[in-house]
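# Geometric and topological summary
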Amino acid sequence: MRFGHFDDDAREYVITTPETPYPWINYLGTEKFFSLISHTAGGYCFYLDARMRRLTRYRYNNVPTDAGGRYFYINDGGDVWTPSWMPVKAELDRFECRHGLSYTVITGERNGLLAETLYFVPLGTDAEVHRVRLRNNGNGTRSLKLFSVAEFNLWNAWDDQTNYQRNLSVAEVEVDGSAIYHKSEYRERRNHYAVYAVNAPISGFDTDRETFFGLFNGWHEPQAVLKGACRNSVASGWYPIAAHQIDVELAPGEEKDLVFVLGYLENPKDDKWEAPGVINKAPAQTLLERFRTSEQVDEAMAELRRYWTDLLSRYTAQTGDPRVDRMVNIWNPYQCMATFNICRSASYFETGVGRGVGFRDSNQDLLGFVHLVPERARKRILDVAATQFPDGSAYHQYQPLTKRGNNDIGSGFNDDPLWLIESVDAYVRETGDLSILEEEVPFDNNPDHSGTLFEHLKRAFHHVLNNLGPHGLPLIGRADWNDCLNLNCFSETPGESFQTTENRTGRTAESVFIAGLFVHSAPGYIALAEAMGFDKEAEAARRAAAEMVQTVTEHGWDGEWFLRAYDYFGNKLGSEENQEGQIFIEPQGFCVMAGIGLEEGFAQKALDSVAARLDTDHGIVLHQPPFSRYYLEYGEISTYPPGYKENAGIFCHNNPWVMIAETRLGRGDRAFNYWKKIAPAFREDISEVHRLEPYVYAQMIAGKDAPLNGEAKNSWLSGTAAWNYVAIAHHILGVRPELDGLRVDPCLPGELTKLKITRICRGAEYRITIKNKGTGEIPHLKIDGKSIESTLVPYATPGSTVAVEVEM
Ligand code: BGC
Ligand code: NOJ
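Let me sum up the structure you'll find in this document. Predicted, not measured: the structure shown is a model, and the values here were computed from it. (Residues numbered from 1 in each chain as written. Chains lettered and ligands numbered in written order. Predicted model: local features only at pLDDT ≥ 70, side-chain atom pairs only at ≥ 80, totals over all residues. Heavy atoms only, no water.)

This next bit is on the overall build of the protein chain. Within the protein chain one finds 20 helices and 44 strands. Taken over the C-alpha trace, the protein chain has a radius of gyration of 28 Å; the compact-globule value for 808 residues is 28 Å, and the two agree within 12%. C-alpha atoms of the protein chain, sized along the principal axes, occupy 80 × 60 × 50 Å. The 808 residues of the protein chain split such that 63% are buried. (Helix = DSSP H or I, 4+ residues; strand = E, 2+ residues; numbered from the N terminus. Rg over C-alpha atoms; globule rule 2.2 N^0.38 Å. Buried < 20%, exposed > 50% of the residue type's maximum accessible area, 1.4 Å probe, protein only.)

Spelled out as structure tokens, the structure:
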């Protein structure tokens, strides 16, 4: 069952009923100011850091769900309704929400009055712009009252939820014409404030929540709206809000636009005040001047559309299947940008008060966006690398505002460092910019202790070699990619963090996954070392990788698949010997991606075991059998009921590893079939089962052992976005940059027979046409009409266009 449809030309998902199976959200903002907005206008916004600089309040775990956002209410001669349906839920004659690229348009119509509300964050702007377009489709003249409302958050979102004894006495606002200013704590150490303004005279306002809503009223019944009049309240302490009242007359057929701006402003510390106690509003005025008219809004929207057109033009495919095209060309890269901007901080499953930017997450996210914003990727790499410790290990997370490593969680996840090699390698392959390797980057953000970025990679690589366990496999530390495989944790205290508790020596538990990742990262590392002229280091790395392959073959192979780990006691995990957790997806994917066991037949066996034991209708589950009870020696993985999350859920992040691995064996049909099971556009028809947005991946789909099998959770912010993009765009469609050329090596399913792919890389444009005759043979390429012997297309001079024909 569907609740809307894709509009590919507009690059939008169009939701046609407000009663979707869950709030379906979008992100606004591309640079510093970001917002979450659901299809019924719920959500919130923040500047840079969802915890420390949150402008508007949002209540997770609310009843009903998703109540609270920026709402417009209409009182049309006593008939009160909201164009976004929520929160009033008055029946609409028409409802439509168009989630586009960094904007959302929600339209409601009732009794001949149409209200179209556009929400976006313009480029170069630290504000949400809302345009309300009202049209009288009826026969008579209408006098109606429009109300806006936004509830301010007292900046620090965590404190805002917990420290009422203080917070209920700090709120301060100023009202100046049609602009409402939120200035809590501005009198002391803050030099930032918020504004919510409209480009028209208002007939009333409220800034005190209780006055506007009534103490015992919910969002669906604000007293001021029901009565048809605000009371010009000025908040002092308690709960500050911004509500405008605008009286509108509309002749039949008449249309009126109102432009609202909800923004974040900063003043220099020594220029905070206009007069004693009165904030310096100069920056706000500059902001508001930019959105005085509806035409200015149109221009800003056009600019935003151009921005996305430009970004998305770097890889486009016409495959003959619109579902593939809309994922590859629009929604998957769009989601990759969301993970770049927000990391794992703020979504409808991440509250924005918890996690900072993850080291491994950021490095993996980069694989999906580096071709879109290479300059910004470069900066991200340098920021992330600066949180690495001198011994090569890394802070697991850092805070985006300070860019400092997060002490609360610290270090000890032994896969972390290797992801830096993967991301830098991807960046250099995309851009050819070797100079990044020579950048001086601090360790642990200490400017007195720094090394080149290459030195950081070297320490990352050697951190693994310096931390090998009894079998010569890498020690797992607190966890590897699977945060819930906590083999040194042994926690018996309720509520204790599995991520930070480490009460065993950590010198025995080993990870076959890290071994696979190590071998996988080695060729990139070696190529970079050679490019820098470090031939001895390259040679040493080559030997170390070969040894690791040997070790995995000897101690990491279980007979039909790769083992997962050795636990603290030196017992196998992910082995036929185990009762539960016999086979895990991660080492099968990564070891084969790394090329381990290709010749010996291990690779094929491992992937066949995945197909036989882990594949299901909704995707590949993480392991089998699930853990039916808590295992002290395995940690968080066994805390989830069977089928959820890391306990045998379908973790959409690691399914693509198996897809990519399948392409190494040349099995395009299998790879593609795995992808179709989890790709949102292919699950659109079962939205009532999947429940989450049909345009972005979810981190998890409940596995076959769960009662809610097939139901997704945790959409948007997940490494799933980047890895699925890599699987489909780089490996199945097969176009990916390498150091000396663009690799064009598709591994296609029989059902895709004629394709066109355009790739802009290092300034040149490659127009690729593919004829897939399904012979299963190695693709044959012609460049500008001339046959070549390999699948590597040498880089062309910037500005040129290259025609590549592929027959396979
Ligand atoms: C989740 C993991 C996540 C970890 C760290 C766990 O509860 O299951 O998916 O990586 O928390 O936030
Ligand atoms: C989510 C975390 O963000 C990621 O770092 C981790 O690899 C996966 N969960 C799997 O545990």
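That covers the picture; the talk isn't over yet.
Ranked by size, the top nonpolar core spans 260 residues in total, and within it Phe212, Trp675 and Leu733 carry the most contacts. Broken down by element, the residue count for this core peaks at 12 residues, all from helix H12 (residues 512-531). When residues no more than four places from it in sequence are discounted, the contact partners of Leu733 are Tyr315, Ala317, Thr319, Val328, Ile728, Pro746, Leu748, Leu752, Leu755, Ile757 and Ile770. (Core = buried A, V, L, I, M, F, W, Y, C linked by side-chain atoms within 4.5 Å. Contact = heavy atoms within 4.5 Å.)

In spatial order, the strands read E22-E39-E40-E44-E41-E42; together these 6 strands make up an open sheet with mixed pairing. Each edge of the sheet is formed by a strand with only one pairing partner; in this case those strands are strand E22 (315-318) and strand E42 (786-788). Taking each pair of neighbouring strands and ignoring which way they run, the sheet shows an average axis angle of 20 degrees. Strand direction decides the pairing type here: E22 and strand E39 (residues 754-761), joined by 4 bridges, are antiparallel. Paired with Gln318 across the bridge in E39 is Lys756. (Pairing = 2+ DSSP bridges. Axes fitted to C-alpha atoms, helices over the stretch in contact; angles between N-to-C directions.)

Around ligand 1, the neighbouring residues are Arg355, Asp483, Cys484, Gln499, Glu636, Tyr640, Lys645, Glu646, Phe651 and Gln699. For ligand 1, the protein covers 78% of the area, taking 310 Å² as the surface of the free molecule. The residue inventory of the shell around ligand 1, partitioned by class, reads 3 nonpolar, 2 polar and 5 charged. (Near = heavy atom within 4 Å. Areas by Shrake-Rupley, 256 points an atom, 1.4 Å probe, with all protein chains shown as cover. Nonpolar A, V, L, I, M, F, W, Y, C, P; charged D, E, K, R; others polar.)

On to empty space enclosed by the protein, then. According to the stated counting rule, one finds 4 cavities of 30 Å³ or more in the structure shown. In this model, the largest cavity occupies a volume close to 70 Å³. If you go around the largest cavity, the residues you meet are Tyr27, Gly29, Thr30, Phe34, Ser102, Trp308, Tyr334, Met337, Ala338, Asn341 and Ile342. At 5 residues, helix H7 (residues 322-342) tops the list of elements feeding residues into the lining of the largest cavity. Its residues assigned to classes, the lining of the largest cavity shows 7 nonpolar, 4 polar and no charged. Here the second largest cavity defines a volume of roughly 40 Å³. Lining the second largest cavity, in full, are Ala197, Val198, Asn199, Val259, Val261, Leu288, Phe291 and Arg292. At the level of secondary structure, the elements contributing two or more residues to the lining of the second largest cavity comprise strand E16 (192-198) and strand E19 (255-266). The residue inventory of the lining of the second largest cavity, partitioned by class, reads 6 nonpolar, 1 polar and 1 charged. (1 Å grid on protein atoms, 1.4 Å probe; cavity = no way out; pocket = protein on both sides within 12 Å on 5 of 7 lines; lining within 4 Å. Points joined across faces, edges and corners; volume = space filled by probe spheres on them.)

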